2 protein chains.
Amino acid sequence: MKKQVFHFHEGKREMKHLLGGKGANLAEMTNAGLPVPPGFTITTEACNDFLESGNQLKKELLDQVWSALEQLEQETGKGFGDVENPLLVSVRSGSVFSMPGMMDTILNLGLNHETVEGLARLTQNPRFAYDSYRRFIQMFGDVVMGVEHYQFERIIQRQKKRVHVTHETELTANDWQEVIQQFLDLIQEETGSDFPQSPHEQMKHAIQAVFLSWNNDRAKIYRQIHDISDRLGTAVNIQMMVFGNMGEDSGTGVAFSRNPSTGENELYGEFLINAQGEDVVAGIRTPQPIRILEEKMPEIYRQFQQISKQLEMHYQDMQDIEFTIERGTLYILQTRAGKRTAQSAVKIAVDMVEEGIIGKEDALLRVDPNQLSQMLHRRLNPNQELKIIAKGLPASPGAASGKIIFDADDAEKLAADGQRVILVRPETTPEDIHGIIAAQGVLTSRGGMTSHAAVVARGMGKACICGCEQLKIDLRKKIVEVDSFTLKEGDMISIDGSTGQVIFGKVPLIDPELTPEFKKILSWADQVRKLQVRANADNPEDAAKARELGAEGIGLCRTEHMFMEADRVPIVQQMILAETEEERQEALWKLLPMQKNDFKGIFREMDGLPVTIRLLDPPLHEFLPNLEDLVVELTELRITGGDSVEIAQKENLLKKVRSLHEFNPMLGHRGCRLGLIYPEIYLMQVEAIFQAAKECMAEGRKVIPEIMIPLVGHVNELKELRGLIDEVASRVDFSHEYTVGTMIEIPRAAITADQIAEQADFFSFGTNDLTQTTFGFSRDDAEGKFLHQYIENKILEENPFISIDQEGVGSLIKMGVEKGKQVKSKLKTGICGEHGGEKKSIEFCHDVGLDYVSCSPFRVPLARLASAQASLKKKNN
Amino acid sequence: MKKQVFHFHEGKREMKHLLGGKGANLAEMTNAGLPVPPGFTITTEACNDFLESGNQLKKELLDQVWSALEQLEQETGKGFGDVENPLLVSVRSGSVFSMPGMMDTILNLGLNHETVEGLARLTQNPRFAYDSYRRFIQMFGDVVMGVEHYQFERIIQRQKKRVHVTHETELTANDWQEVIQQFLDLIQEETGSDFPQSPHEQMKHAIQAVFLSWNNDRAKIYRQIHDISDRLGTAVNIQMMVFGNMGEDSGTGVAFSRNPSTGENELYGEFLINAQGEDVVAGIRTPQPIRILEEKMPEIYRQFQQISKQLEMHYQDMQDIEFTIERGTLYILQTRAGKRTAQSAVKIAVDMVEEGIIGKEDALLRVDPNQLSQMLHRRLNPNQELKIIAKGLPASPGAASGKIIFDADDAEKLAADGQRVILVRPETTPEDIHGIIAAQGVLTSRGGMTSHAAVVARGMGKACICGCEQLKIDLRKKIVEVDSFTLKEGDMISIDGSTGQVIFGKVPLIDPELTPEFKKILSWADQVRKLQVRANADNPEDAAKARELGAEGIGLCRTEHMFMEADRVPIVQQMILAETEEERQEALWKLLPMQKNDFKGIFREMDGLPVTIRLLDPPLHEFLPNLEDLVVELTELRITGGDSVEIAQKENLLKKVRSLHEFNPMLGHRGCRLGLIYPEIYLMQVEAIFQAAKECMAEGRKVIPEIMIPLVGHVNELKELRGLIDEVASRVDFSHEYTVGTMIEIPRAAITADQIAEQADFFSFGTNDLTQTTFGFSRDDAEGKFLHQYIENKILEENPFISIDQEGVGSLIKMGVEKGKQVKSKLKTGICGEHGGEKKSIEFCHDVGLDYVSCSPFRVPLARLASAQASLKKKNN
């Protein structure tokens, strides 16, 4: 049989897959000469063998365990089950990736009626011995024998009451003896079995229990959330017990080698005198800050400080260290990379570079790009009780508090009075834009991640929750009901657009702060990354923000949002409803100077950097009133005998709305299909671009316009429109450079990318639509109806609208890039879907050789770092 | 310079690309020793040179023409421009593919003031000479000099009036001389130029005019319709004139070697004594049937009969022959394969095999599969004046006449009284099914080729026109307006579902007939084809029809139509609206026996053949009332103070309809996504299948059930549902063979076909949905809004919903087949979209190696023949 049991001194860090994270660390520390209690590790392979064989502990494994145990006895000079000098051990799980608290642990194993007496004699501390024994019974009873924890606690509570004490520490040896008897009775009663007295028997059961805990519910859920394979299995660490509860010269604690919240280079943690580790965790006694240890045990503190630095140097990372002091001797029980906040992660990484502990590249790999985004938005104070009343889709990150307002006009008025408001609507339309601008955040009961509210709010970097279907909004009564709860206009609520949580009342928020370390690590990222990072921005403010956060151009400037501004909607509607070519042209002439000014504002901000402008994309009916509302209005007018002129007008409007109505707007008359059927719209937009560019250049600015055609599926579409653009350029005498490219956002475009490349200067993969068409489901419909369950049931590993589906959509992107570059090696390629701001997708973009990613301004820092990490990973592979 | 002029005896059939169809035929006939007037051909290359060089007739070309002309003079013993014995020629276009009447022709070229006198002398027939001259001036004036035809006609009319005659034949030589003078004046007046007197000048202009006519509007449109490349160019044929108008021993005619309407082996055509060919075409004089020629000129008739047979043998096909008799001598002017009706095509092909003229394989390639479909539906009599009042989408082929009825119940009643009705509705819903069954055909003003009406009608083989937006239907008043025209209930209309034409009044229809030849040619097709042909059928009647027409199984049995039957809709709605699991299960228990009986009916009909049953596909809201209607009803009820219980019920229903409402139903909660979220529906269906199969097998029938999962995009979907199906099989103790497969109808399925194949016994490409998702447009939206213009403007070559887009969608199919078979070499693959009944798509299916195509029952014969042709073409390549 393979070796499945390793003494600590036989292991090393590189054996993590076999020994688990904890086992590998214990081995590493042992070999580094640190004061680690001796022990051995049973491998993850043994766990998998066990689980695969129908939960059989094989004799061969047990032989190895017994032999390791003998060696441990020799090392410690103690005997397992020896009444004179009993060896007590801890039995802990330890998987490859940290799963804190998810699996089981048993301490003080080896105690029984006899050895507890030996321990009492040996330590001359009967109280300690019985306390240890009852702890062991309690844990073993719970974990191995399945007696619920609270039942043991109840016995302790009763005992305390009976002897009139408040704290457990006040219970005497006798008290514990009584408790032990009651524990044993409880177990016998509940399970019908006796508590095993043989230490070897105890160990067999404990190993078995730890193996089985790999598949308990909470461990499975944790793995699912953290994307950890179910097939790794857990190792089991068996280690000599040391005791922090042997008196006032003993203790236990947990400390971080640096501050996990701020990143300051200082010990941070807490400890308890005369206690075992679980006391710290259980929260029964309040631990003291670690600096108090310096006063109480200065020598130990100094030693710990030194070990902490040593561990940090050894692992080249901030450490989370568990320690125990037994009668004045310091033991290190565990060390691992410490969890930390975004700010701390950044500061530690930068500081460690400056302290010479790690290189810049290591620093870049240390920070999770997702954390960077947290640092850019106002957020909820994490140390705060929240009254969560509902949950919707996290449509735009950041947190906000304000008064509930149901109407855009009201929102504008109150905001003008300096009040903070949250706009609450069933859904928003272009006519609500001024309300969204005025509000701190937006909350809707309908619509998905791509609904109007979501898209507009993300563009503005404003908190937004969409599709919160629990809300029953009554616009007439100006109330919103959630379950039995009713909120009215003016009530305070808070929303967290990063989680989708709707919170009752006002909540203090933490403002974002761009620390010097934040800037420094991004500047290092810029030196390493190959991908350019651009931003999606539709107005000068967003463009400025994007530039401030390091964007190297605009990868997607959507022009429909310009059409949606409140003062323009009537003109846009006039254009759509035009009966004649002239009427339509008249409306377009009114829009032209407006569009020109939009573009000028953006060009000025992006002086010297490229700006990719996408011509009008959405179907025209998006700019008209809602069909259903219109039908209701008209029915009302008809029945109540309304004004006949008004009825006729509404009927006419309804006719147009109906004629533009689409069964599947996603798959309808939009994108370049609009430009081909109504070329005058695109002509106006292109003229506005060229005129704006000319005027900005006349001001001495450098403008690099890139005109992008949406939704191309056949090369002829692009060819025709490209011709039209070139005609406008020559008509308005635009003699500077410009490029014309296309979105690759429907499968046929990727499949025929070689043909399309003939007509394109650049490709921009629109992965939102490409995902929808490749999967054949629309985001709004899928997320509301089945996608959630798909992910829960593991039909899909991940939400493909969040992280690129590499097998399906990714194959098309790869095909698009390959076929495109085959025809035109200098073809510029990028991505401008929301995936452009998601780290795994960015790594994919790097791997398939795109030139740039484009994402919302607030995701630019994330993208810069993720791009750098992608470069480094590729290099290191 | 290259040789660009060929004498007829220098050419042959194989030079068709260079000499055009007519030129090649003239050469072929000349070399076969037929009495063809001598002449030469200017090549299509010369035409292209001319067009590419900015319409320059190169000197080198003219040199070759003059030298050919000299040779022609020697051959005929006549002189071009020779007053004594003038050579007159015709100048005709002749492209590679026949484009009858699209380009220009000039006859009698070579005549001028002098040669006309010579001709008069030589023939001793001045009237004939001046008639010929005026004909020449008229044609040349029109074609070359651009004077409109009617202006010449007006002069002739005036002349006839002046001399008081009715027919042109009554005009004398003097009359024609006067007409000629007026013609020449007219030309001078209109163009400012004199009519050219030099025959060489005339010829230069004529050649130029023919070249230019390649690009006239009607020729361009013809090529567009018939899919002929613009780059082929036309040849020009210059041939000695022969004259059918030289007296009572002369004449001209056109005849087919067999009857082009019935296929009978008999001469079929017409002729005119003392006339030129254009007289036959122009319809001024009514020609006589060809058999009269036997009486009038028995010797000529016999000779023509023999030549006709000779030509048929030579070309091995039925010929369309133009001839002229000049003073008792027969000349053959042209021969080509004759156009023919479907019935004739089939009969001729079969007869020719039996006569030993061609082989079976030739016969199979002779018949256009599309024609076969015509033979299966009632159709309009083509020799009939139609009053077409509107045009919609040709949603289901065949023609029908009947009374206009606006309501399904009324339709059912009238039909029960033996009346024929056409159901006219804005659109149909499942609740109209009984009306569709009762009607002769369906006409809707909204909805596309995949609308409810279209799909149901196609399934029933019933005529249907959809989306006829010109119709303004007022259901309350029971009238329909078309432009200024109003039709009311009970008025007769006819519809042609093959063309989309709506016709006023009753029109006689031709009933379909399956001739013995039809059956014979299909039996030959079956011997040759590799593709299996199956049918899409959802009920026993369709299954029986499919089997009768030669289907080898059912490739797609849609189960949603079973849900849509009028008596089941309430139960289906009960299932959808169920608030509890039990309520839903109760409704499903009611549906189970119904579904079982559906399947039993189909299994019985298909005894021994495979039946692929697709589990429920459409989104559930399709079975509920329309949202908009419900909103109107509810608004009305509220305003008019309706019954509060009714309001509450409607509100509840509206809530459910709204909760199931989808932004993009095509991309919504349908297909296997339904089966995964509501497994109980699929469980019921699968149980019904297995129970039905068991019961039919107990009756001694052989049942081969193939269960098909729709809309799979990820292998896990199929894996999960396959597990469910296997569970049901074991639960109901179904121990016979069955297979489980999937539709490949979204891009991701094709891209990951290797993974999906692991779980599938067969793939069925659903090219309707695959086309929609690959192009990113829905058929209903595209066809109503932009697809038509796309095709007109040549952005797309063809409607991809009719013929598979081979570059885009086809690439995915290829990928799907390759990846699938790579993993599972015995994977069965087929197609069940509407493309399965379209000939080019069928050829594509053959080429990519599919195992079968499945199409609507009435398309099965087409598919059998098209599959055979695909095999033969592949073999011949």
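The model shown is predicted, which means the values in this text are computed figures rather than measured ones. (Residues numbered from 1 in each chain as written. Chains lettered and ligands numbered in written order. Predicted model: local features only at pLDDT ≥ 70, side-chain atom pairs only at ≥ 80, totals over all residues. Heavy atoms only, no water.)

*Asks:* Summarise the relation of the copies chain A and chain B; cite the residues concerned and give the values.
*Replies:* Under the fitted operation, chain A is carried onto chain B by 0.0 Å of movement along the axis and a turn of 180°, and the coordinates agree to an RMSD of 0.2 Å. Both copies of the chain, as the preceding transformation shows, are related through a two-fold rotation axis. Closest approach to the rotation axis among the C-alpha atoms of chain A is made by N664(A), whose C-alpha sits 2.2 Å away. (Least-squares fit on C-alpha atoms with pLDDT ≥ 70 in both.)

*Asks:* Run through the sheet that holds strand β29 (residues 762-765) of chain B, naming residues and quoting values.
*Replies:* Residues and elements named next belong to chain B. In space, the 8 strands of this closed barrel follow the order β24-β25-β26-β27-β28-β29-β30-β31, with parallel pairing throughout. Here the average twist between neighbouring strands, direction ignored, is 25°. Bridge count between strand β24 (residues 532-536) and strand β25 (residues 554-558): 2 bridges; the pairing is parallel. When the sheet's bridge partners are listed, A535 is paired in β25 with I554. (Pairing = 2+ DSSP bridges. Helix = DSSP H or I, 4+ residues; strand = E, 2+ residues; numbered from the N terminus. Axes fitted to C-alpha atoms, helices over the stretch in contact; angles between N-to-C directions.)

*Asks:* I'd like to hear about the sheet that holds strand β2 (residues 39-42) of chain A, residue by residue, with values.
*Replies:* Hydrogen bonds between backbone atoms are what pair the strands of a sheet, whose relative direction is either parallel or antiparallel. Residues and elements named next belong to chain A. The 5 strands are arranged β1-β2-β5-β3-β4 in an open sheet whose pairing can be described as antiparallel. Lying at the two open borders of the sheet, with one neighbouring strand each, are β1 (5-7) and β4 (105-109). Strand-to-strand, the axes of this sheet are offset by a mean angle of 20°, without reference to chain direction. Examined bridge by bridge, strand β3 (residues 89-95) and strand β5 (residues 234-240) share 7 bridges and lie antiparallel to one another. The partner of S90 across the bridge, within β5, is Q239. Taken strand by strand, helix α1 (residues 16-31) contacts β1, β2, β3 and β5, and its axis lies near 125° from that of β3. Packed on one face of the sheet, helix α8 (residues 199-213) meets β2, β3, β4 and β5 and runs near 145° to β5. (Contact = heavy atoms within 4.5 Å.)

*Asks:* Summarise the pairing of strand β2 (residues 39-42) of chain B; cite the residues concerned and give the values.
*Replies:* Residues and elements named next belong to chain B. Across the two faces of β2 the burial is the same, with G39 and T41 and F40 and I42 all buried. Where β2 meets strand β5 (residues 234-240), 4 bridges bridge the pair, whose relative direction is antiparallel. By the bridge assignment, G39 is partnered in β5 with Q239. (Buried < 20%, exposed > 50% of the residue type's maximum accessible area, 1.4 Å probe, protein only.)

*Asks:* Requested: an account of the interface of chain A and chain B, with residues and values cited.
*Replies:* At the interface, 54 residues of chain A touch 55 residues of chain B. Summed over both sides, the interface between chain A and chain B buries roughly 5200 Å², with carbon and sulfur atoms accounting for 60% of that surface. At the junction of chain A and chain B, the tally comes to 6 salt bridges. Across the pair R658(B) and E628(A) runs a salt bridge whose closest N-O atoms are separated by 2.6 Å. On the surface where chain A and chain B come into contact, there are 31 residue pairs in polar contact (both at pLDDT 80 or more). (Buried area = accessible area lost by both parts, 1.4 Å probe. Salt bridge = Lys/Arg side-chain N within 4 Å of Asp/Glu carboxyl O. Polar contact = N/O pair within 3.5 Å; in protein donor to acceptor, adjacent residues only side chain to side chain.)

*Asks:* An account of the nonpolar core is needed here, citing residue identities and associated values.
*Replies:* Generally speaking, soluble globular proteins have nonpolar side chains that are buried together. One finds I521(A), M575(A), F603(A), I521(B), M575(B) and F603(B) to be the most contacted residues of the largest nonpolar core, which totals 280 residues. Apart from residues no more than four positions distant in its own chain, M575(B) is found in contact with F563(B), R584(B), A587(B), L588(B), L591(B), L620(B) and I681(B). (Core = buried A, V, L, I, M, F, W, Y, C linked by side-chain atoms within 4.5 Å.)

*Asks:* Any chance you could break down unusual backbone geometry for me, citing the residues and the numbers?
*Replies:* At Q316(A), a residue that is not glycine, the phi angle is positive and equals roughly 50°. With respect to the element layout, Q316(A) can be found in the loop between α12 (298-315) and β9 (319-326). Look at Q316(A) and you get partly exposed, because its relative accessible area is 34%. Phi at K794(B) is positive, roughly 60°, even though this residue is not glycine.

*Asks:* Can you explain the packing of aromatic side chains? Please cite residues and give values.
*Replies:* For the structure on display, the rule yields 38 aromatic pairs over all chains. Cluster of aromatic residues (ring-pair linked, three or more members): F775(A), F777(A), F786(A), Y790(A) and F801(A). (Phe/Tyr/Trp six-rings, centres within 6.5 Å; stacked < 30°, edge-to-face > 60°.)

*Asks:* So what's going on with the environment of Q374(B)? Residues and values would help.
*Replies:* All names here are of chain B. Here Q374 is to be found in helix α15 (residues 369-374). C-alpha of Q374 to C-alpha of E565: the two residues are 191 residues apart in sequence and 29 Å apart in space. If sequence neighbours within four positions are ignored, Q374 has contacts with A342 and R379.

*Asks:* Outline the side chain of K462(B), listing residues and values.
*Replies:* All names here are of chain B. Inspection of the secondary structure assignment puts K462 in the loop between α18 (452-460) and β17 (463-466). Buried and unpaired, K462 has D542 as its nearest opposite-charge partner, separated by 9.7 Å. A polar atom in the side chain of K462 sits 2.6 Å from the backbone oxygen of I437. With near-sequence residues (within four places) excluded, K462 lies in contact with S396, P397, I436, I437, A438, A439, Q440, G441 and A457. (Lys, Arg positive; Asp, Glu negative; His and termini not counted.)

*Asks:* I'd like a rundown of the pairing of strand β14 (residues 399-405) of chain B, residues and numbers included.
*Replies:* Looking along a regular strand, one sees side chains alternate from face to face of the sheet. All names here are of chain B. Of all the 7 residues making up β14, 6 are buried; the element is thus mostly covered by neighbouring parts of the structure. As judged from the 5 bridges shared by β14 and strand β21 (residues 492-496), these two strands associate in the antiparallel manner. Looking across to β21, one finds that G402 is bridged to I493. In this view, the connection linking β14 to its parallel neighbour strand β15 (residues 421-425) by way of helix α16 (residues 408-416) has right-handed handedness. (Right-handed = clockwise from strand over helix to strand, strands pointing away.)

*Asks:* Help me get a handle on α12(A), residues and values and all.
*Replies:* Residue and element names in this part refer to chain A. Along its 18 residues, α12 runs 25 Å from first to last C-alpha, staying within 8% of the 26 Å computed at 1.5 Å per residue. Taken residue by residue, α12 has I300, Y301, F304, I307, S308, L311, E312 and Y315 as its buried positions. Angular distribution of buried residues about the axis of α12 spans 140°; they occupy a single face of the element. After α12 finishes, the residue Q316 shows a positive phi value of roughly 50°. (Expected span 1.5 Å × (residues − 1). Arc of directions from axis to C-beta.)

*Asks:* Residue-level account of the state of the cysteines, with values.
*Replies:* Residues and elements named next belong to chain B. Counted by the stated rule, this structure contains 0 disulfides over all chains. The thiol sulfur of C466 is not disulfide-bonded, and the nearest other cysteine sulfur, from C464, lies at 3.7 Å. Unpaired in this structure, C845 has its nearest cysteine sulfur neighbour in C855, at a distance of 10 Å. Exposure remark for C845: the relative accessible area of 1% places this residue in the buried category. (Disulfide = S-S within 2.5 Å.)

*Asks:* Tell me what's going on with the environment of D733(B), and back it up with residues and numbers.
*Replies:* Inspection of the secondary structure puts D733(B) in the loop between α28 (715-731) and β28 (739-744). Sequence separation between D733(B) and W66(B) is 667 residues; the distance between their C-alpha atoms is 90 Å.

*Asks:* A description of the pattern of salt bridges should follow, citing residues and the corresponding values.
*Replies:* Scanning the entire structure with this criterion turns up 120 salt bridges over all chains. Note that D230(A) is salt-bridged to R223(A), the shortest N-O span being 2.9 Å. Exposure remark for D230(A): the relative accessible area of 38% places this residue in the partly exposed category. The salt bridge partner of R425(B) is D432(B), with a shortest N-O separation of 3.8 Å. For the pair R425(B) and D432(B), one class covers both residues: buried.

*Asks:* Talk me through the environment of E797(A); I want residue IDs and the actual numbers.
*Replies:* Residues and elements named next belong to chain A. Its place among the elements puts E797 in the loop between α33 (787-792) and α34 (809-823). With 570 residues separating them along the chain, E797 and D227 place their C-alpha atoms 8.8 Å apart. Not counting residues within four places of it along the chain, the set of residues in contact with E797 comprises D227 and I791.

*Asks:* Explain the packing of helix α35 (residues 839-847) of chain A against helix α36 (residues 860-876) of chain A to me, using residue names and the numbers behind them.
*Replies:* Residues and elements named next belong to chain A. Direction vectors running N to C along α35 and α36 enclose 50°, while the axes themselves pass 9 Å from each other. Accordingly, the angle class assigned to the pair α35 and α36 is oblique. Along this stretch, α35 crosses α36, giving a crossing that reads as right-handed. Two secondary-structure elements touch here, α35 through K839, I842, E843, H846 and D847 and α36 through L862, A863, A866, S867, A870, S871, K873 and K874. Here the residues of the contact of α35 with α36 are counted per class, giving 5 nonpolar, 3 polar and 5 charged. (Parallel < 35°, antiparallel > 145°, perpendicular 65-115°, else oblique. Left-handed = near helix turned anticlockwise from the far one by under 90°. Nonpolar A, V, L, I, M, F, W, Y, C, P; charged D, E, K, R; others polar.)

*Asks:* So what about the side chain of D496(B)? Which residues, and what values?
*Replies:* Residue and element names in this part refer to chain B. If you trace the backbone, D496 turns up in strand β21. Buried within the structure, D496 lacks any salt-bridge partner; its nearest side chain of opposite charge belongs to R379, at an N-O separation of 9.2 Å. Discounting residues that sit within four places of it in the chain, D496 has contacts with L380, G398, A399, I465 and Q501.

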